[in-house]
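As a plain string of letters, each chain reads:
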Amino acid sequence: MYKNPGLDLPIRSKLNMLDDIVQIIFYLHAGERILADPLIDDLKVRSTFLEEPIQQAVLIFAEQVHFQYDYDPWHKVTSEVQKAADKLIEELGFTGNLGTY
């Protein structure tokens, strides 16, 4: 995480966000919410310096991840989490998807 994401170039911030998404998915699968939450907060902060569609995609992704932590005892990466991650990655300007979980 970076101390002041508002000073980052947008592409650097987007690359950091992409790294956060990957780590959040890993931590969700491992059931490590305490490690994922700071990364989710970082995504939210970074998104405030970017376009509104990115901000909305971050909120949807964060909501899906938190829903899984709260309501699925196995913390499985579901298709809803995958769709939210793929949409956020697309809004960040990257193509492709994270694959099948």
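This one's a predicted model, so the numbers in the text were calculated from it and none came from an experiment.

(A) Region of the structure containing the packing of aromatic side chains. Under the definition given, this model contains two aromatic pairs. An angle of 35° between the planes, with centres 4.7 Å apart, marks the rings of F67 and Y71 as tilted. With F67 and Y71 both in helix α3 (residues 52–71) and four residues apart, this pair spans about one turn of that helix. According to the relative accessible area criterion, F67 is partly exposed, its value standing at 42%. For Y71, a relative accessible area of 62% translates into the label exposed.

(B) Summary view of the pattern of salt bridges. Throughout the structure, instances matching the rule amount to four salt bridges. When the shortest N-O distance is used, the salt bridge between D37 and R33 registers 3.2 Å. Of the two residues, D37 and R33 are both situated in helix α2 (residues 33–47); the distance of four residues between them amounts to about one turn of the helix. The exposure class assigned to D37 is partly exposed, which follows from its relative accessible area of 24%.

(C) Structural detail: the environment of V22. Here V22 is to be found in helix α1 (residues 10–30). Each C-alpha atom of the pair V22 and A85 lies 8.9 Å from the other, and the pair is 63 residues apart in sequence.

Criteria and cut-off values
- Think of each chain on its own: its residues are numbered from 1, step by step along the sequence as written.
- Side-chain atom pairs in this predicted model are given and counted only at pLDDT of 80 or more, local residue features only at pLDDT of at least 70, and totals for whole chains, interfaces and linings cover all residues.
- By convention in this description, side-chain values take in all heavy atoms of the structure and omit both hydrogens and water.
- Classification of ring pairs rests on two measures: the distance between centres of Phe, Tyr or Trp rings, Trp counted by its six-membered ring, which must be within 6.5 Å, and the angle between planes, read as stacked under 30 degrees, edge-to-face over 60 and tilted in between.
- In DSSP terms, a helix is any run of H or I states spanning at least four residues, a strand is any run of E spanning at least two, and both are numbered starting from the N terminus.
- Note on exposure labels: buried denotes an accessible area under 20% of the residue type's maximum, exposed denotes more than 50%, and partly exposed covers the range between, all computed with a 1.4 Å probe on protein chains only.
- Here, a salt bridge means any Lys or Arg side-chain nitrogen found within 4 Å of an Asp or Glu carboxyl oxygen.

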